[in-house]
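Fold and geometry: a report
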Amino acid sequence: MKHRIRSLALALMACGAASSHADDNTFKLSGFGTLAATHSTEANADFVSRNVPNGPGHSREWDTLMDSKLGLQGDIRFNDQLSVAVQAIAFKRYDNGFYPDITAAHVRYEAYPGLAVRVGRMAMPIYLVSDYRRAGYALPWFSPPVEFYGNGFFHYDGADLTWKTPLGEWAMTTQAYTGHSKFRNPDRGFFSANQIFGAAVTAEKGDHTLRASITNAKMKVTSTIDPLLAAYRTAATSASVAVADNYAVNDLSTTFVSLGYMYTPGDWLVMAELGKTHTEREALLAEQTLGYITIGYRLGSVTPYVTLARRDTSTANSVQGVVPSLDASLNSAIAAGDVSQTRTSLGARWDFMTNVAFKTQFDHVNLDSGSAGGLVNRQPGFTRGGSYNLLSVAVDFVF
Amino acid sequence: MQSSAIRKLIIALACTGACSAAQADVVIVVAANNPVGNMSKDQIAQIFTGKAVAFPDGRKAVPIEQGPTSPTRSEFHVKVTGKDAAQLKAYWSKVIFSGAGQPPREVGSADEMRKAVSSDANAIGYLEKSQIDSSLKVILTP
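Cut-off values and rules
Residues numbered from 1 in each chain as written. Chains lettered and ligands numbered in written order. Predicted model: local features only at pLDDT ≥ 70, side-chain atom pairs only at ≥ 80, totals over all residues. Heavy atoms only, no water. Helix = DSSP H or I, 4+ residues; strand = E, 2+ residues; numbered from the N terminus. Rg over C-alpha atoms; globule rule 2.2 N^0.38 Å. Buried < 20%, exposed > 50% of the residue type's maximum accessible area, 1.4 Å probe, protein only. Contact = heavy atoms within 4.5 Å. Buried area = accessible area lost by both parts, 1.4 Å probe. Salt bridge = Lys/Arg side-chain N within 4 Å of Asp/Glu carboxyl O. Polar contact = N/O pair within 3.5 Å; in protein donor to acceptor, adjacent residues only side chain to side chain. Patch = residues over 30% accessible without salt bridge, like charges linked within 9 Å, V, L, I, M, F, W, Y side chains within 5 Å. Areas by Shrake-Rupley, 256 points an atom, 1.4 Å probe, with all protein chains shown as cover. Pairing = 2+ DSSP bridges. Axes fitted to C-alpha atoms, helices over the stretch in contact; angles between N-to-C directions. Core = buried A, V, L, I, M, F, W, Y, C linked by side-chain atoms within 4.5 Å.

Side note on the overall build of chain A
In terms of helices and strands, chain A carries 5 helices and 17 strands. Over its C-alpha atoms chain A spans a radius of gyration of 22 Å, differing by no more than 12% from the 21 Å that the globule rule assigns to 399 residues. Each of the three principal axes of chain A carries a C-alpha extent, and together these read 75 × 50 × 45 Å. Scored against the burial criterion, the 399 residues of chain A give a buried share of 51%.

Set out below in structure tokens:
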């Protein structure tokens, strides 16, 4: 795999060198990167911003790999209609290694002006900034709100259709997508989303951007309660098997809806999103309500901002009289899956030179009573429902 | 950023109405034979940010930019898209790295802009008011 990626990158670069003398637009190599460091005040657990096995807190005082990355993208344009894009990003992976993942590899065909189809691997467009969330330079924050963007489903293999059309004074973009996606969790194998069907509508006018999206997928996830569910299956009563079937995230139809808003008149910056996740039956983290709002104001080359974010998760845990020796453990294991939290952030972006931005962010995270807030590597001294702070710095660049 | 603000201030102080011609005036242009009429700032901003792909009459619109160091380019963006160089770079980064598209083609000089726009009925570009000739049609003076 690593060899394939390296030869691909070399081929792309050779191609770029070969065509760089021509002034047509046949090949373009671009890239982005982030050098980041994060400190957490929670010493009894690790904060993780996404799918990595450890982070700042218990494992280390400052983590410099969790949000650092280097991305390279080659765009080949054959004519007005046909183009190909390949993107690889090296970042810290599920196995603690730092190496590239092919994050995009697709063919794009523009059948009519404004109507394009893409086939191959593409970034998942579930939420407002999902499909460029790793390109730090394109984001106002140190990193995208973990409440929305902490999951590992970054790219999918499939197809999408994009249609741009005016509606009065609004520029409308409608996107429909389908495919499947999987990623490897640090300690629970592959997580997959199959039969993904989604649509997003973006309306833009002047400084306003509105986006609504809906995505449904069949989720298959190894969850923390699976060993207990196996015991229910072994108990082999019809009620216990029903519990095992019900709580297993196995081809579980899950729907994600979101509403996003962006206001970018130049000096002010407002970004807000609301998300709701719903599963067809009760399962771990069945219902999630997510939201954040960021308000920033530009002072010359510096843009300070404040963010308020909330993640609310709930799962019914009232299994009673099914397997008396297990019911209490199952209920408390389900409750332990709660990751509800409220986060307040203060940060700033400083565009101190061309194509390079410095960012810093301070987060105060309040965990709901009983919630572990997505912290991992929890030590015996860790207390649920507490609070902790994060301090982060980053340099983002594009080329 | 600051020096250009100071320069504008000096120009503003030096100019007392009579010499307003000395101040740069960007105009948005299409080929003289392009049937499109006047367009609004929002419509033009949408074309130059890839959010719209056609003129109001439905014909394909191909935006053309001047190079990154061109003062006409910064003036155009400040007045029309409302973005400074860093904001524009951040905007295109999100478009490029999400695989949604590429920024407009760039030309190296006002001369090239004049040629590129006047020879293509789908093209739309911008120039200083003093740089246009009869091969071009102004559709907005922002």
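Some thoughts on the interface of chain A and chain B
Contacts between the two partners involve 33 residues from chain A, matched on the other side by 22 residues from chain B. Taken over both partners, the interface formed by chain A and chain B buries close to 2,400 Å², and the fraction arising from carbon and sulfur atoms is 50%. It is Tyr132(A), Lys164(A) and Arg298(A) in chain A that bury the most area against chain B; as a group they hold 17% of the surface buried on that side. Between the two partners, chain A and chain B, sit 3 salt bridges. For Asp84(B), the salt bridge is made with Arg298(A), and the minimal N-O distance between the two is 2.3 Å. For the pair chain A and chain B, the interface holds 12 residue pairs in polar contact (both at pLDDT 80 or more).

Examining helix H5 (residues 110-118) of chain B
Those residues of H5(B) lying buried are Ala110(B), Met113(B), Arg114(B), Ala116(B) and Val117(B). Its buried side turned inward, H5(B) meets strand E1 (26-31), strand E2 (62-66), strand E3 (105-107), strand E4 (123-128) and strand E5 (136-140) of chain B.

Looking at a nonpolar patch on the surface
All names here are of chain A. A contiguous nonpolar surface patch, about 990 Å² in accessible area, is contributed by Trp 62, Trp 268, Ile 293, Ile 295, Tyr 297, Leu 299, Val 306, Leu 308, Leu 346, Phe 362 and Leu 391. Secondary structure elements with two or more residues in the nonpolar patch: strand E13 (287-297) and strand E14 (302-314). Tallying contributions element by element places E13 first for the nonpolar patch, with 3 residues. With respect to the secondary-structure elements, Tyr 297 resides in strand E13. Overall, Tyr 297 belongs to the partly exposed group, its relative accessible area being 32%.

Regarding the sheet that holds E1(B)
Residue and element names in this part refer to chain B. A sheet is described by the order of its strands in space; here 5 strands give the open sequence E3-E2-E4-E1-E5, paired in mixed fashion. Looking at which strands have only one partner, the edges of the open sheet turn out to be E3 and E5. Going across the sheet, the axis of each strand differs from the next one's by a mean of 40°, ignoring polarity. In this sheet, E4 lies alongside E1 in antiparallel orientation, the contact comprising 5 bridges. Paired with Val 29 across the two strands is Gly 125, which belongs to E4. Across the sheet, helix H2 (residues 41-48) lies against E1, E2, E4 and E5, angled at about 110° from E4, the strand it touches most. Of the strands in this sheet, E1, E2, E3 and E4 are in contact with helix H3 (residues 71-79), which crosses E4 at around 110°.

A look at the pairing of E14(A)
Residue and element names in this part refer to chain A. Only one face of E14 is buried: it carries Thr 303, Tyr 305, Thr 307, Ala 309, Arg 311 and Thr 313, and the other face, with Val 302, Pro 304, Val 306, Leu 308, Arg 310, Asp 312 and Ser 314, is open. Where E13 and E14 come together, 10 bridges link them in antiparallel fashion. Directly across from Leu 290, in E14, lies its bridge partner Arg 311. From the end of E13 to the start of E14, which pair antiparallel, there are 4 residues, and Gly 300 there has a positive phi angle of about 65°. Relative to strand E15 (residues 341-353), E14 is paired through 10 bridges, and the arrangement is antiparallel. Within E15, the position partnered with Ala 309 by the bridge is Arg 343.

Things to note about the pattern of salt bridges
Opposite charge on two side chains permits them to pair, given that their charged atoms come into close proximity. All names here are of chain A. Using the criterion set out here, one finds 27 salt bridges over all chains in the structure. The salt bridge involving Arg 108 is made with Glu 110; its shortest N-O contact spans 3.2 Å. Judged by relative accessible area, Arg 108 falls into the buried class, the value being 18%. For Arg 121, the salt bridge identified is with Asp 157, shortest N-O distance 2.8 Å. Of this pair, Arg 121 sits in strand E6 (residues 115-123) while Asp 157 sits in strand E7 (residues 155-167), placing them 36 residues apart in sequence.

Some thoughts on the nonpolar core
Val129(A), Met271(A) and Tyr292(A) are the most contacted members of the largest nonpolar core, which has 51 residues in total. With 7 residues, helix H4 (residues 85-97) of chain B is the single largest residue contributor to this core. Once residues within four sequence positions are removed from consideration, Met271(A) is found in contact with Leu128(A), Val129(A), Pro140(A), Trp141(A), Tyr261(A), Met262(A), Tyr292(A), Ile293(A) and Thr294(A). Core analysis: the next-biggest nonpolar cluster, separate from the first, contains 29 residues, Val27(B), Ala45(B), Ile47(B) and Ala123(B) among them.

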